[in-house]
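Here are the chains, one letter per residue:
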Amino acid sequence: MIDNSKTGMSLIVKTITRLTVGLILLFGIYIVLHGHLSPGGGFAGGVIIALSFVHLMLAFGKEVVTSKISKNLASNLESIGALMFLSIAAIGFFGGSFFLNILKKGEPFELFSAGTIPLSNLAISLKVGIGLLAIFLALVILEGAKKER
Amino acid sequence: MNTVNIIPLFVIIPLFSAFFISFIGRFVKRAYINLVSVIACSSLLFLSFSGLNLLRSSAAPALVYKIGGWAPPFGICMVLDGLTNFMLITVNLVAFFVSIYSLNYMDKYTDRPKFLTLFFLMLTGMNGLIVTGDLFNLFVFLEIASIASYALVAFGTEAEELEASFKYTIMGSLASSFIFVGIAFLYGFTSTLNMADMASILSAKQNIWIVNFVAVLFLMGFGLKAALMPFHGWIADAHPSAPASISAMLSGVLIKTLGIYALMRVFFNVLGMTDAYLSVLMFLGSLSIIVAVILALSQWDLKRLLAYHSISQIGYVVLGIGLGTPLGILGGLFHLFNHSIFKSLLFLTSGAIDYSTGTRDLKEMSGLREKLPVTAKTNLIASMSIAGIPPFNGFFSKLIIIFACIQKGCIGYALAAVIGSILTLASFTKVQKFAFFGELKEKYKAITEVPLAMKLSMIGLAIICILGGFLLLPSFRFFLNDAVGVLLEGRDYAKIILK
Amino acid sequence: MSLYLLCLTLFCIGLYGVLRKRNIVKIIIGLAIIEYSINLFFVLLGYRFHGRAPIDAQDQNILNMVDPLPQALVLTSIVIGLGVTALLISIAIRLYEKYGTFDITKIRRLKG
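Residues numbered from 1 in each chain as written. Chains lettered and ligands numbered in written order. Predicted model: local features only at pLDDT ≥ 70, side-chain atom pairs only at ≥ 80, totals over all residues. Heavy atoms only, no water.

Examining the overall build of chain B
Stage number 1. When its secondary structure is counted, chain B shows 19 helices and two strands.
Stage number 2. Here the C-alpha atoms of chain B give a radius of gyration of 22 Å, agreeing with the 23 Å that 2.2 N^0.38 yields for 499 residues.
Stage number 3. Burial status across chain B gives 68% buried among its 499 residues.
Stage number 4. Accessible surface for chain B amounts to roughly 15,900 Å². Of this, 69% is attributable to carbon and sulfur atoms.
Stage number 5. Considering chain B, the positive charge centre built from 33 side chains and the negative charge centre built from 23 side chains are found 4 Å apart. (Helix = DSSP H or I, 4+ residues; strand = E, 2+ residues; numbered from the N terminus. Rg over C-alpha atoms; globule rule 2.2 N^0.38 Å. Buried < 20%, exposed > 50% of the residue type's maximum accessible area, 1.4 Å probe, protein only. Areas by Shrake-Rupley, 256 points an atom, 1.4 Å probe, with all protein chains shown as cover. Lys, Arg positive; Asp, Glu negative; His and termini not counted. Charge placed at Lys NZ, Arg CZ, Asp CG, Glu CD.)

Below is the structure:
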């Protein structure tokens, strides 16, 4: 992590961010994986995951994230998420119908249950999390390009 | 795979190609991306014809596909009936020719994968909107198509394009909000979102003010998407600003699918058509015909002129459908098909002129028929088609609409249609005179005809323009009659879907 | 009933923002307010007094639930609103680059 006092916000914000950002990311992952049992799911979890990165960028300056994840990589991952969701939906064709849940449903209220729904949640969280991050990156890069001119 | 399974493919194929192209776009050569786009579009065209064949051979009025195996009132269903088939063939035919045209035309722009991604997302939205049988699903697909079209209008990122796109986005989002409020009211009232179920619940209740209220909201929303006359403000900016192949899609099929098709489906099959709605549609249609064509007469920007003519021709479609008689609806739907063919051809030729000469101003160009023979001839065919000169397809549909007006006794509306047609002829005479006839200017001595793929798609559309009238022959008549039948059956739609 | 009227008021505030304001950013905010008012209205349609959240948890009998369907639909609508807002903001940034102003009365290169 870049610990440069020139970029980003004050020391207090940076310290608090360092303490909380991991928890936010973990909470997002929990929401995604537990989405078929409790409120939440792919979309809400994906937004929380994306917000943890946005939080980092706000506190430490945009280079923290842009040096790790370029915009191209983000949009590639986003396409992969969309293709994954579409292919999970298309798996249903083997059972006879589009979007059919053909995997084993398992016991209710167990972590490994509900067939394709957890898989769809994963795909959606990839799509939404990276997609939101890509939107934010695009706006930040657009803003940066304007200042340089 | 059993045969009904082709219905979701209309959504899967364009959605898959959109994200696939966006994924592979950075790694592979341009030729492969082009190949993917042409294969996707031609398979969609093939599928829509085989859907027609499937419906004819099954002899059922409609085929219902249950997504995920959930039965219709609870799950989302997809419906393939006469009207759906008609619209699918129209959309995918134009999309096929546009995708061929874009092979060469998009060389002017830099980012081809992004363009194709947005193009296929727009196609997903339109195909999905046509096949779905669920009101909220219709809204979602409408928004997918709209957002892709907002982005495509701004694709050049020049000042004018951004300005047009901003205006279009604000107006379009407002329209979507109205549609969403309408759906909220209908859901609150009927507690269902399936269109067929909704129709059967609504027809069991008598004299309810809420249906009229929702009808007004939907008329505002879908009318704005269709650029009917009081809601037309955005079209003259948005359609000329997009790349020409996208203008062809926007003017050719997007305003008809998002506006006219959704309007027809909701008004005829769900809310139930009454005489009051019909007279409003007829009035708005004839207003569009006259006012838009007068506005078009004074334009000097070729694409702007074509955009105003789109409003006027949409007026013909709405007038024909608003008559409510079988002949009127037949004329309206036939004109919808014809207009999507010749208007996309006109936009493609305007793009070809832009490609060769670099201008869209009619005063700048002259005598181009020597240098651009294919463009000039196809443009002449399309111009005669839109103006209603006898052997071409536009003549027959306009004639049917005017006959239907007289048959119903609306002489005033028939007169409006005739006057609109004459003014259209005047306007396109101007285009021909200034663009293609006269002296060739000195600076255009060196220009050459456009590349092969662009020529091919223009010639293909021109052939359909010439042969379009044959759809009225008894052996091909089923194509239109099935679509008319779906609208005339009204709320009996519910019984067919839910049986 | 008064809750529905509040939604209408919020809608009118948004409409005022879209129609009357001259700054592009304020127009976008107005559009967002319109979307939120409609989402609020739709969620309220599914609400019932003293209702529970529609979650099927372990060892609980299901009674007095609010309608879950509007919540799912509103979630979809929020996503759509997010897409439109992101697009509008990026267009606004580009417009500022080209014209150097956020005032729509000065952004008039088109005639229509």
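What about the interface of chain B and chain C?
Stage number 1. Taken together, the contact between chain B and chain C spans 32 residues of the former and 34 residues of the latter.
Stage number 2. Linking chain B with chain C are zero salt bridges, by the criterion used here.
Stage number 3. The interface formed by chain B and chain C contains three residue pairs in polar contact (both at pLDDT 80 or more).
Stage number 4. It is helix α6 (residues 159-190) of chain B that contributes the most residues to the side of chain B that touches chain C, 20 residues altogether.
Stage number 5. Its residues placed into classes, the side of chain B that touches chain C shows 19 nonpolar, six polar and seven charged. (Contact = heavy atoms within 4.5 Å. Salt bridge = Lys/Arg side-chain N within 4 Å of Asp/Glu carboxyl O. Polar contact = N/O pair within 3.5 Å; in protein donor to acceptor, adjacent residues only side chain to side chain. Nonpolar A, V, L, I, M, F, W, Y, C, P; charged D, E, K, R; others polar.)

Considerations on the packing of aromatic side chains
All names here are of chain B.
Stage number 1. Taken as a whole and assessed by the stated rule, the structure comprises 29 aromatic pairs over all chains.
Stage number 2. Measuring from centroid to centroid gives 6.2 Å for F115 and F119, while their planes differ by 20 degrees, and the two rings are stacked. Here F115 pairs with F119, and both are found in helix α4 (residues 112-131), just four residues apart, close to one helical turn. For the pair formed by F115 and F119, the shared burial category is buried.
Stage number 3. Geometry around F478 places R56 over its ring, the cationic atom sitting 4.1 Å from the centre.
Stage number 4. Over the ring of W300 we find K430, and its NZ or CZ is 4.4 Å from the ring centre. (Phe/Tyr/Trp six-rings, centres within 6.5 Å; stacked < 30°, edge-to-face > 60°. Lys NZ or Arg CZ within 6 Å of the ring centre and 35° of its normal.)

Brief notes about the packing of helix α11 (residues 275-297) of chain B against helix α12 (residues 302-323) of chain B
All names here are of chain B.
Stage number 1. Direction vectors running N to C along α11 and α12 enclose 155 degrees, while the axes themselves pass 7 Å from each other. Taken together, the axis directions place α11 and α12 in an arrangement best described as roughly antiparallel. When the axes of α11 and α12 are compared, the crossing they make is left-handed. Contact residues: L278, L281, M282, G285, S288, I289, A292, V293, L295 and A296 in α11; L305, Y308, H309, I311, S312, G315, Y316, V318, L319, I321, G322 and L323 in α12.
Stage number 2. By residue class, the composition of the contact of α11 with α12 is 16 nonpolar, six polar and no charged. (Axes fitted to C-alpha atoms, helices over the stretch in contact; angles between N-to-C directions. Parallel < 35°, antiparallel > 145°, perpendicular 65-115°, else oblique. Left-handed = near helix turned anticlockwise from the far one by under 90°.)

Notes on the interface of chain B and chain A
Stage number 1. Contacts between chain B and chain A engage 16 residues on the former and 15 residues on the latter.
Stage number 2. Here chain B and chain A share an interface that buries about 1,400 Å² over both sides, 69% of which is from carbon and sulfur atoms.
Stage number 3. Per-residue buried area on chain B facing chain A is highest for F19(B), F23(B) and R26(B); these three make up 36% of the total on that side.
Stage number 4. Joining chain B to chain A, the criterion identifies zero salt bridges. (Buried area = accessible area lost by both parts, 1.4 Å probe.)

Side note on the packing of helix α2 (residues 30-58) of chain B against helix α3 (residues 82-105) of chain B
All names here are of chain B.
Stage number 1. Where α2 meets α3, the axes come as close as 9 Å, and the angle between the chain directions of the two elements is 160 degrees. Considered as vectors, α2 and α3 are oriented roughly antiparallel to each other. Between α2 and α3 lies a crossing of left-handed hand. Between α2 and α3, the residues in contact are N34, V38, C41, S42, L44, L45, S48, F49, G51, L52 and L55 and G82, N85, L88, I89, N92, L93, A95, F96, S99 and L103, respectively.
Stage number 2. When grouped by side-chain class, the residues that make up the contact of α2 with α3 number 13 nonpolar, eight polar and no charged.

So, the environment of L86(A)
Stage number 1. Among the structural elements, L86(A) can be located in helix α4 (residues 71-91).
Stage number 2. For the pair L86(A) and I117(A), spaced 31 residues apart in sequence, the C-alpha to C-alpha distance is 13 Å.
Stage number 3. When sequence neighbours within four positions are dropped, the list of residues in contact with L86(A) reads I12(B), L15(B) and F16(B).

Notes on the pairing of strand β2 (residues 77-81) of chain B
Residue and element names in this part refer to chain B.
Stage number 1. The element β2 is extensively covered by neighbouring structure, given that five of its five residues are classed as buried.
Stage number 2. Burial along β2 is two-sided: the residues C77, V79 and D81 and M78 and L80 are all buried.
Stage number 3. Of the strand pairs in this sheet, strand β1 (residues 62-66) and β2 are connected by five bridges, and their pairing is antiparallel. The residue of β2 that forms the bridge with V64 is V79. (Pairing = 2+ DSSP bridges.)

Observations regarding the nonpolar core
Stage number 1. Formed by 224 residues in total, the largest nonpolar core has its most connected members in M126(B), F218(B), M249(B), L271(B) and L333(B).
Stage number 2. The leading source of residues in this core is helix α10 (residues 244-271) of chain B, at 19 residues.
Stage number 3. Each residue touching L271(B), except ones within four places of it in the same chain, is listed here: L186(B), L202(B), V211(B), V214(B), A215(B), F218(B), V266(B) and R491(B).
Stage number 4. The next biggest cluster of nonpolar side chains, apart from the first, holds 14 residues, and it includes I69(A), A74(A), L133(A) and A134(A). (Core = buried A, V, L, I, M, F, W, Y, C linked by side-chain atoms within 4.5 Å.)

Focus on the confidence of the model for chain B
Residue and element names in this part refer to chain B.
Stage number 1. For chain B, the mean per-residue pLDDT works out to 88, and 99% of the residues sit at or above 70.
Stage number 2. Of all helices and strands in chain B, the one with the weakest mean pLDDT is helix α19 (residues 493-498) (82), whereas helix α5 (residues 135-153) scores best (92).
Stage number 3. For this predicted complex, the interface score ipTM comes out at 0.93, while the overall pTM is 0.93. (pLDDT = per-residue confidence, 0-100.)

Focus on unusual backbone geometry
Residue and element names in this part refer to chain B.
Stage number 1. A positive phi is found at T157, a non-glycine position, where the angle reads about 50 degrees.
Stage number 2. Mapping T157 onto the fold places it in the loop between α5 and α6.
Stage number 3. Among the residues examined, T157 registers a relative accessible area of 29% and is labelled partly exposed.
Stage number 4. Backbone geometry places A227, a non-glycine residue, at a positive phi of 60 degrees.
Stage number 5. Structurally, the position occupied by A227 is in the loop between α8 (209-226) and α9 (235-241).

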